[in-house]
Amino acid sequence: MGYIFLFLIGFGLAVTGGVTLISYMNFLPAGVSWAEYFLFISGRLECYFLPIGLLIMTFVVYAFPNKR
């Protein structure tokens, strides 16, 4: 039962990080270059939730293959 909870935490983190990255893309039409955009998101903590969430979900899926 704990692996489902861990998977859902990873999923929530991935969704939060993905939505944040997409919402920050609204800076691009305002005249921010891609280099400035990547520099900006590299300094934001909530943008790291996407890769952390994906890593947690991958770990749960491959660490408990018979539990699906």
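Below or above, wherever it landed, is the structure these notes cover. (Residues numbered from 1 in each chain as written. Predicted model: local features only at pLDDT ≥ 70, side-chain atom pairs only at ≥ 80, totals over all residues. Heavy atoms only, no water.)

## Some points on the overall build of the protein chain
Part 1 of the reasoning: Scanning the protein chain from N- to C-terminus turns up three helices and zero strands.
Part 2 of the reasoning: Secondary structure of the protein chain in N-to-C order comes out as α-α-α.
Part 3 of the reasoning: Its C-alpha atoms give the protein chain a radius of gyration of 15 Å, clearly above 11 Å, the size a compact globule of 68 residues would have.
Part 4 of the reasoning: In terms of its C-alpha atoms, the protein chain occupies a principal-axis envelope of roughly 50 × 15 × 15 Å.
Part 5 of the reasoning: Expressed as a percentage of its 68 residues, the buried residues of the protein chain come to 21%.
Part 6 of the reasoning: Taking the contacts inside the protein chain whose residues are at least 6 apart along the sequence as the reference set, 66% of them involve residues at least 24 apart.
Part 7 of the reasoning: When the accessible surface of the protein chain is totalled, it reaches about 4900 Å², and 75% of it is carbon and sulfur. (Helix = DSSP H or I, 4+ residues; strand = E, 2+ residues; numbered from the N terminus. Rg over C-alpha atoms; globule rule 2.2 N^0.38 Å. Buried < 20%, exposed > 50% of the residue type's maximum accessible area, 1.4 Å probe, protein only. Contact = heavy atoms within 4.5 Å. Areas by Shrake-Rupley, 256 points an atom, 1.4 Å probe, with all protein chains shown as cover.)

## Topic: the packing of aromatic side chains
Part 1 of the reasoning: All told, the structure shown has six aromatic pairs when counted by the stated rule.
Part 2 of the reasoning: Geometrically, the ring pair formed by Tyr24 and Phe27 is stacked, given 5.9 Å between the ring centres and 15° between the ring planes.
Part 3 of the reasoning: Measuring from centroid to centroid gives 5.8 Å for Trp34 and Tyr37, while their planes differ by 90°, and the two rings are edge-to-face. In this pair, Trp34 and Tyr37 both sit in helix H2 (residues 34-42), three residues apart, roughly one turn of the helix.
Part 4 of the reasoning: Exposure remark for Trp34: the relative accessible area of 49% places this residue in the partly exposed category.
Part 5 of the reasoning: Judged by relative accessible area, which is 5%, Tyr37 ranks as buried.
Part 6 of the reasoning: One aromatic cluster in this structure is built from Tyr24, Phe27 and Phe40. (Phe/Tyr/Trp six-rings, centres within 6.5 Å; stacked < 30°, edge-to-face > 60°.)

## Some details on the environment of Met25
Part 1 of the reasoning: Position of Met25 relative to the elements: it lies in the loop between helix H1 (2-24) and H2.
Part 2 of the reasoning: In this structure Met25 touches Trp34 and Tyr37, once residues within four positions along its chain are discounted.

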